[in-house]
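What the coordinates show
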Amino acid sequence: MATTAVGQPLSRVDARRKVTGTATYSAEHRIEGLLYGVIVNGTVARGTVSRISVDAALAHPGVLRVLTDFGKLQLAHPVDRLAFYGQPIAVVVAETLEAATHGASLVEATYERQDAVTDFDDPDIPSQTPEDEPDYSRGDPAGALASAQVKVDLELTSARENHNPIELPSTIARWQDGRLTLWDKTQWSQGAARTVAGALGIAVTDVRVHNEFLGGGFGSGIQTYDHVVLAAFAAREVNRPVKVVLTRRQFYYGTGFRPASRHRMTLGSTAAGRVSALVYEVRIENARYRTYTDGLTDLPKFLYGVPNTSTAYRITPIDVHSPASMRGPGVVLGNFALETAMDQLAHELAVDPVELRLRNEPTQDEVSQLPFSTRKLRECYQTGARRFGWSRRRAKPGSRTDGDLLIGMGMATASYHNNRRDSSARARIHADGTAEVFAASADMGPGTTTSVMQVAADVLGLPASAVTFRLGDSSYPTAPLHAAACTMASVGSAAHTTCNALKAEFIRRAVADPDSPLHGANPADVQVRDGQLETSGARDTYRDILRRAGLPSLDITGNWGPGDADSRISTYGYGAVFAEVSVDPLLGLVRVRRIFAAYDVGRVISPKLAHSQAIGGMVGGIGMALLEGTVTDHRDGRIVNASLADYLVPVNADVLDLDAAFINTEDPQADPIGVKGLGEITIVGVAPAIGNAVFNATGKRLTDLPIRPEALL
């Protein structure tokens, strides 16, 4: 297949609309008769509302209704009692946002409080083993540790993190003739439709969700939270469209978060640097009303060829909102524990950290006992080390300075499972020779609208400018959630499959049509370029085929899924992350000077967008390593730093020199377009690479995230 669009560094097709302000986000749609809803949040972590006074709110000019009875709604948490601080207890609906906001401040509630625990380090709260994360063991870890010549035993922690995209959670709900339309900031329009339908007790076919533009998500829009259901509920109650937009403070306790975690990582090794034993124990905070787990133990038991391995995953249920996926969910924290321990082992063995990892490369997936589809990790190490200048690293900690600053280099391995899920697409070619592809996917920033278009353009033999990928509508063909780095492999493969079927249908019509120049040709010999079907000098066009058939367009809907591929191959993305930091020993300040990473993520559809994804993941990793941490007042569960003034995220001054390269490889065993997920892996490995660089600079092994200045003083 001739390739003209795939692999080209195209700019985002929606870039102009975004920078000129003509891209319409969820809260910006102009809906006739729109009202405004503001949620009133409870202020205890556990208990019941004994009395709620709404008279003052109703008396305020512009306030139309104050809704307090949610008893008939099916929400993720109990509705008859408070399960976490910030749980909605009322919705004020008004003619203006100002009236609704002030009206919400006039609602008064009293509570019957119950003893609550919001600190998951409370020794009185027992931990549990979640059903979907059983203990894992292979070989004899205890025996191997006992006989190991060198041992590393680390305890590590990470703070809770909150998502902070600039666009706040927002929903507009409108009912017409018993059917509900939502304009919602969601990463999964069809999942949102199902959740809202279930919460309201209506048919999912009566719900349509639009989400064409998203201003970042990082996992915050995967689940459908209370504000979406309450917007729909309020709109039904007042019989007018209602908009609900959470404030930044409400965002912190109205949606999920990356849970705080506690780790113990133990490694045993031979003197030659062969890791013989790994024991990993991890515990995360959870809500009492719902169990949340993610892939914390995946990489420790998979990444290296360790014959004796055990992992134990525990959750501690407390009185908080349920955690949720955040970029690199679970994997990024398990990898932090593993890669920090590997760096410490390399130091104690006096072995280069890259060399130690190379000595422990597995020949197959030790968990599944399956062969790797592709694993170009060695190439990642080699490319990354060369491009970064790893050979200039000094092994002795604290031996490199720049004036009064200590300089250090560190590295870490990154990996993430190549998620592929069943997906569908509809492809259509119009009489003017242009094409459209439809799928109920989303694009929160990685450039899905552009990259799927590139795949479709090459399959159909059309220039990129002639193809449009349409997404952001739950009525389009089925697509998975826009998360878990599965969109391109899933939706892109569905588009590829469907466009091939549509092209084949045009070829079939041409060779069967006596009036076509291709009549009687072998379909297998027909090639398509620039909208022309040709073989042996004879040519036909999409336009002419449709004109002769009297059709304004022709479309086909197709499906793709990974089938049983995961029972035959182990398919992951891989990377090697290198970081250089400076540390001011007098102030304890760490600055990231530069990061370089090399990735094996299969075929790169859009190099410019892939590089942008890598940079974005690195920025998130800098935040995790040095800045981000949610602080809770355990007296009542209130989040203390629920604002961008107090919750620190990286700014331009924190991001100096970030770069990435991609190993030239494809993974055709995993999916027909040969890609592996990119969105998640780019944050994995960044925090341990920075932490390992801090150790190289100072000789202090810091195991708590974020790394705080006081830990270095």
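Just so we're clear, the structure is a prediction, and the values are computed from it rather than from any experiment.

Quick notes on the rules
Residues numbered from 1 in each chain as written. Predicted model: local features only at pLDDT ≥ 70, side-chain atom pairs only at ≥ 80, totals over all residues. Heavy atoms only, no water. Helix = DSSP H or I, 4+ residues; strand = E, 2+ residues; numbered from the N terminus. Buried < 20%, exposed > 50% of the residue type's maximum accessible area, 1.4 Å probe, protein only. Polar contact = N/O pair within 3.5 Å; in protein donor to acceptor, adjacent residues only side chain to side chain. Contact = heavy atoms within 4.5 Å. Pairing = 2+ DSSP bridges. Arc of directions from axis to C-beta. Core = buried A, V, L, I, M, F, W, Y, C linked by side-chain atoms within 4.5 Å. Axes fitted to C-alpha atoms, helices over the stretch in contact; angles between N-to-C directions. Salt bridge = Lys/Arg side-chain N within 4 Å of Asp/Glu carboxyl O. Parallel < 35°, antiparallel > 145°, perpendicular 65-115°, else oblique. Left-handed = near helix turned anticlockwise from the far one by under 90°. Nonpolar A, V, L, I, M, F, W, Y, C, P; charged D, E, K, R; others polar. Phe/Tyr/Trp six-rings, centres within 6.5 Å; stacked < 30°, edge-to-face > 60°. Lys NZ or Arg CZ within 6 Å of the ring centre and 35° of its normal.

**So, unusual backbone geometry**
Cis geometry is found at the peptide bond from Leu705 to Pro706, where omega equals 0 degrees. Assignment of secondary structure puts Pro706 in the segment after strand 29 (704-705). The backbone phi angle of Phe218 is positive, close to 60 degrees, even though this residue is not glycine. Structurally, the position occupied by Phe218 is in the loop between strand 10 (207-210) and helix 6 (226-238). When its relative accessible area of 37% is taken as the criterion, Phe218 is described as partly exposed. Even without glycine at this site, Asp530 takes up a positive phi of about 50 degrees.

**A short note on the side chain of Ser261**
Considering the arrangement of structural elements, one finds Ser261 in strand 12 (residues 261-269). Residue classification places Ser261 among the buried residues on the basis of a relative accessible area of 0%. A distance of 2.4 Å separates a polar atom in the side chain of Ser261 from a polar atom in the side chain of Ser158. When near neighbours in sequence (up to four residues on either side) are disregarded, Ser261 contacts Phe120, Leu156, Thr157, Ser158, Arg283, Ile284 and Leu333.

**A look at the pairing of strand 14 (residues 308-318)**
Where a strand is regular, its side chains alternate between the two sheet faces. Here strand 14 lies mainly inside the structure; 10 of its 11 residues are buried. Pairing of strand 6 (residues 136-138) with strand 14 involves three bridges; the strand directions are antiparallel. Bridge assignment links Ser137 to a residue of strand 14, and that residue is Ser310. Relative to strand 14, strand 13 (residues 275-287) runs parallel, the two being bridged by 11 bridges. Residue pairing in the sheet places Leu278 in a bridge with Thr309 of strand 14.

**Here we look at helix 3 (residues 97-106)**
Turn by turn, an α-helix covers 3.6 residues, leaving residues three or four places apart pointing in a common direction. Residues of helix 3 that are buried include every one of Ala99, Ala100, Gly103 and Ala104, and no others. For helix 3, the buried positions fall inside an angular range of 135 degrees around the axis, keeping them on one side. The exposed residues of helix 3 that point more than 90 degrees off its buried face are Glu98 and Ser105. Turning to helix 3, the residues buried within the fold contact strand 1 (35-41), helix 2 (55-59), strand 3 (63-67) and strand 4 (88-94).

**A few points about the side chain of Ser643**
Locating Ser643 in the fold gives a position in the loop between strand 27 (638-639) and strand 28 (658-662). On the basis of relative accessible area, Ser643 is assigned to the buried category, the value being 16%. Beyond its immediate sequence surroundings of up to four residues, Ser643 is in contact with Arg248 and Tyr252.

**Side note on the nonpolar core**
Counting residues in hydrophobic clusters, the biggest one holds 91 residues, and the most contacted among them are Met265, Leu267, Ile595, Tyr599, Met618 and Ile690. Top element by residues in this core is helix 9 (residues 331-349). It accounts for 11 residues. Ranked by size, the runner-up nonpolar core spans 47 residues in total, among them Ala425, Leu471, Ala489 and Tyr542.

**Some remarks on the sheet that holds strand 19 (residues 467-470)**
Reading across from one edge, 19-18-17-23 is the order of the four strands in this open sheet, with mixed pairing throughout. The open sheet is flanked by strand 19 and strand 23 (553-560), the only strands paired with a single partner. Averaged over neighbouring strand pairs, the angle between their axes works out to 15 degrees when direction is ignored. Judged from the four bridges that link them, strand 18 (residues 435-438) and strand 19 form a sheet pairing that is parallel. Considered in strand 19, the bridge of Val437 is made with Phe469. Sheet contacts for helix 13 (residues 487-512): strand 17 (423-430), strand 18, strand 19 and strand 23; angle to strand 23, the most-contacted strand, approximately 135 degrees.

**A few points about helix 14 (residues 542-549)**
For helix 14, every residue scored as buried is listed here: Tyr542, Ile545 and Leu546. One side of helix 14 holds all its buried residues, which, seen down the axis, span an arc of 95 degrees. One or two residues past the end of helix 14 sits Gly550, with phi positive at roughly 65 degrees.

**What about the pattern of salt bridges?**
With the rule as written, the count across this model stands at 37 salt bridges. The shortest N-O distance in the salt bridge between Arg17 and Glu212 comes to 3.5 Å. Taken together, the residues Arg17 in helix 1 (residues 15-20) and Glu212 in the loop between strand 10 and helix 6 connect sequence positions 195 residues apart. For Glu212, a relative accessible area of 39% gives the class partly exposed.

**Focus: the packing of helix 13 against helix 14**
It is the contact of helix 13 with helix 14, at a shortest axis distance of 10 Å, that shows an interaxial angle of 60 degrees. Of the possible angle classes, the one that applies to helix 13 and helix 14 is oblique. Classified by chirality, the crossing of helix 14 by helix 13 is left-handed. Contacts between helix 13 and helix 14 involve Lys503, Phe506, Arg509 and Ala510 on the former and, on the latter, Tyr542, Ile545, Leu546 and Ala549. For the contact of helix 13 with helix 14, the residue count by class is six nonpolar, no polar and two charged.

**A closer look at the sheet that holds strand 8 (residues 170-176)**
On the basis of which strands lie adjacent, the open sheet formed by seven strands has the order 3-4-1-11-8-9-10 and mixed pairing. The strands lining the two open edges of the sheet, one partner per strand, are strand 3 and strand 10. Averaged over all pairs of adjacent strands, the angle between strand axes in this sheet comes to 20 degrees, irrespective of strand direction. Sheet topology places strand 9 (residues 179-184) next to strand 10; four bridges connect them, and they run parallel.

**Comments concerning the pairing of strand 25 (residues 589-600)**
Of all 12 residues in strand 25, nine are buried, a share of seventy percent or more. In the sheet, strand 24 (residues 572-584) pairs with strand 25 via 11 bridges, with the strands oriented antiparallel. Considered in strand 25, the bridge of Gly575 is made with Tyr599. Where strand 24 hands over to strand 25, the hairpin turn is made up of four residues, of which Gly588 adopts a positive phi near 75 degrees.

**Side note on the packing of aromatic side chains**
Counted under the stated rule, the structure contains 13 aromatic pairs. Summarising the aromatic geometry, the rings of Tyr252 and Tyr647 are spaced 5.6 Å apart at their centres and angled 70 degrees between planes, so their arrangement reads as edge-to-face. Linking Tyr252 in helix 7 (residues 248-254) with Tyr647 in the loop between strand 27 and strand 28, this pair joins segments that are 395 residues apart in sequence. Residue Tyr647 is classed as buried on the basis of its relative accessible area of 0%. Members of the aromatic cluster, connected to one another through ring pairs, are Phe302, Phe372, Tyr572 and Tyr574. We note Arg160 situated over the ring of Phe257; from NZ or CZ to the ring centre the distance is 3.9 Å.

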